[in-house]
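So the chains spell out like this:
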There are 4 protein chains.
Amino acid sequence: MSIEKMIRLHPDVGNDFSEAIATAARHAMLCSLFCTSCADACTAEPMDMRLCIRMCHDCADICTATAHVAVRRTGQNVVVLRAQLETCIQACEACAAECEKHDHEHCRLCATMCRECADDCRTALVTVG
Amino acid sequence: MSIEKMIRLHPDVGNDFSEAIATAARHAMLCSLFCTSCADACTAEPMDMRLCIRMCHDCADICTATAHVAVRRTGQNVVVLRAQLETCIQACEACAAECEKHDHEHCRLCATMCRECADDCRTALVTVG
Amino acid sequence: MSIEKMIRLHPDVGNDFSEAIATAARHAMLCSLFCTSCADACTAEPMDMRLCIRMCHDCADICTATAHVAVRRTGQNVVVLRAQLETCIQACEACAAECEKHDHEHCRLCATMCRECADDCRTALVTVG
Amino acid sequence: MSIEKMIRLHPDVGNDFSEAIATAARHAMLCSLFCTSCADACTAEPMDMRLCIRMCHDCADICTATAHVAVRRTGQNVVVLRAQLETCIQACEACAAECEKHDHEHCRLCATMCRECADDCRTALVTVG
């Protein structure tokens, strides 16, 4: 099942399809799950992981919202889509930078996912507006 | 990037890992995007799609919540996880049944995704508690 | 600003307005914030609050989804609305029961909010379908 | 039940409590419900409301995320909180501008809610960092 294919079927899309935005939406949803899982795993670790937990939760909330905004193609909401993609990049980079400070394998995986999601949002931004 | 692998790294998981719950979480997030995209595409169609739009939005909200609950492994919240998975099955089946009434390709794809997500939640339920 | 008044303006509502569902939606959104705040405060406490954190996060996710489903009045999605309200009651009761085990004032306030939200969902259920 | 009081009970808050951020979080959750309700009501209107529907949905998603990020007080995530508040202001202003073009009472009420939410986010921004 491909969300890229799904969006291409939208009656308004036609030649105006941006594969990059669809991919960013898909990865942002996955990143939201990774961050939620990392925050949850950090909560179960014996050492103080509170800042990492906080940043993971913020990033998860922002990624979920970004994905839903990015998937829509009815009409246009360019200024808002751009702002949300840019915020998502900042949330992902901040979360990755914090996760990279820790030795837990789940933090490393989460950081990698966040960096990829930020890259996808940057690529998507080029095709917006 | 695999959420199944991510969850396996949770310090409390060990041998208690349920691949089925992780997969249900991943597909529920994708199903949320499909439903959001289908509702948005239906809004742009010329005929009356209002019931389909409503059911897609409800399903999207429920899938997102289900995925986040399903991904957590710190402590246990079995009764709530079971109830949310069962509600997700109902939301997905109701959305699929409505989408299948329409000829739009995006509705068909959304229905298929919803049926798969419902199946994944049923498989996950067997492994909970 | 009253969401009850807002929903009453929906073109399909007319005499079929349920004040109880509107109130449940409003309180579920507030309960989602209380649970998110309680989980965050628990993370900053020095003792082991991990189960409380988990249940608060699950409850927050479920309350947000329930509120959005409950607010819609276009067409009908009765089976799904009922299932989600019932799941929300279970999530709120489970979260309240865990929060009541702890002496933190934020846990007590969160428990009170969760019990109220569960009551509102029960009252709403009577008016659905 | 007051989220402002709730946040004040966070162990890290002390004298650093920002009433403005707490209020912005509370109103953003209410605004998310108003936008969801307005999108749903617009779907049931006989005329073409598709752009309004889209902007309401985007605004709802962004308000929910903003509220959850704004409510957290463990550690600091200032750059991300500022970016999300700014994006929320843009989403609310864009949604209000579109809603104000229509004669529906629900659109007018939604526009008023969005303008208030944008104002609250601006007031909150002054106290961040």
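Preceding this section is the structure that the text describes.
Worth saying up front: this structure is predicted, and the values here are computed from it rather than measured.

Here's the deal with the relation of the copies chain A and chain D
Right, so step 1: If you rotate chain A by 180° and push it 0.0 Å along the axis, it lands on chain D with an RMSD of 0.0 Å. The transformation relating the two chain copies, once decomposed into turn and shift, fits a two-fold axis. When each C-alpha of chain A is compared by its distance to the rotation axis, A:Ala65 comes out closest, at 3.1 Å.

Some thoughts on the relation of the copies chain A and chain B
Right, so step 1: When chain A is fitted onto chain B, the two copies agree to an RMSD of 0.0 Å after a turn of 180° and an axial shift of 0.0 Å.
Right, so step 2: By residue overlap, the copies meet face to face through one surface: 100% of the interface positions of chain A are interface positions in chain B.

Brief notes about the interface of chain A and chain D
Right, so step 1: At the junction of the two partners, chain A supplies 26 residues and chain D supplies 26 residues.
Right, so step 2: The contact between chain A and chain D buries some 2400 Å² in all, and 56% of this surface belongs to carbon and sulfur atoms.
Right, so step 3: Among the residues chain A hides against chain D, the three largest losses belong to A:Arg54, A:Arg72 and A:Asn77. Together they make up 27% of the total.
Right, so step 4: Along the contact surface separating chain A from chain D lie four salt bridges.
Right, so step 5: Here D:Asp61 makes a salt bridge to A:Arg72, at a shortest N to O gap of 2.8 Å.
Right, so step 6: The set of elements that each furnish at least two residues to the side of chain A that touches chain D consists of α3 (50-71) and α4 (78-99) of chain A.
Right, so step 7: Looking at which element gives the most residues to the side of chain A that touches chain D, the answer is α3(A), with eleven residues.

Regarding the packing of helix α2 (residues 19-44) of chain C against helix α5 (residues 105-127) of chain C
Residue and element names in this part refer to chain C.
Right, so step 1: Across the interface, α2 lies against α5 with an axial gap of 8 Å and an inter-helix angle of 155°. It follows from the interaxial angle that α2 and α5 lie roughly antiparallel. The two elements α2 and α5 cross, and the hand of that crossing is left-handed.

Some thoughts on the pattern of salt bridges
Right, so step 1: What the rule picks out here adds up to 52 salt bridges over all chains.
Right, so step 2: B:Asp103 is paired through a salt bridge with B:Arg108; the nearest N and O atoms lie 3.7 Å apart.
Right, so step 3: Residue classification places B:Asp103 among the exposed residues on the basis of a relative accessible area of 66%.
Right, so step 4: The shortest N-O distance in the salt bridge between C:Arg26 and C:Glu4 comes to 3.0 Å. Placement of the pair is C:Arg26 in helix α2 and C:Glu4 in helix α1 (residues 3-8), with a sequence separation of 22 residues.
Right, so step 5: A residue is classified by how much of its surface remains accessible, and C:Glu4, at 8% relative accessible area, is buried.
Right, so step 6: What emerges from the salt-bridge pattern is a single network uniting A:Glu93, A:Glu100, A:Arg115, A:Asp119 and A:Arg122.

The rules behind each value
- Residues numbered from 1 in each chain as written.
- Chains lettered and ligands numbered in written order.
- Predicted model: local features only at pLDDT ≥ 70, side-chain atom pairs only at ≥ 80, totals over all residues.
- Heavy atoms only, no water.
- Least-squares fit on C-alpha atoms with pLDDT ≥ 70 in both.
- Contact = heavy atoms within 4.5 Å.
- Buried area = accessible area lost by both parts, 1.4 Å probe.
- Salt bridge = Lys/Arg side-chain N within 4 Å of Asp/Glu carboxyl O.
- Helix = DSSP H or I, 4+ residues; strand = E, 2+ residues; numbered from the N terminus.
- Axes fitted to C-alpha atoms, helices over the stretch in contact; angles between N-to-C directions.
- Parallel < 35°, antiparallel > 145°, perpendicular 65-115°, else oblique.
- Left-handed = near helix turned anticlockwise from the far one by under 90°.
- Buried < 20%, exposed > 50% of the residue type's maximum accessible area, 1.4 Å probe, protein only.

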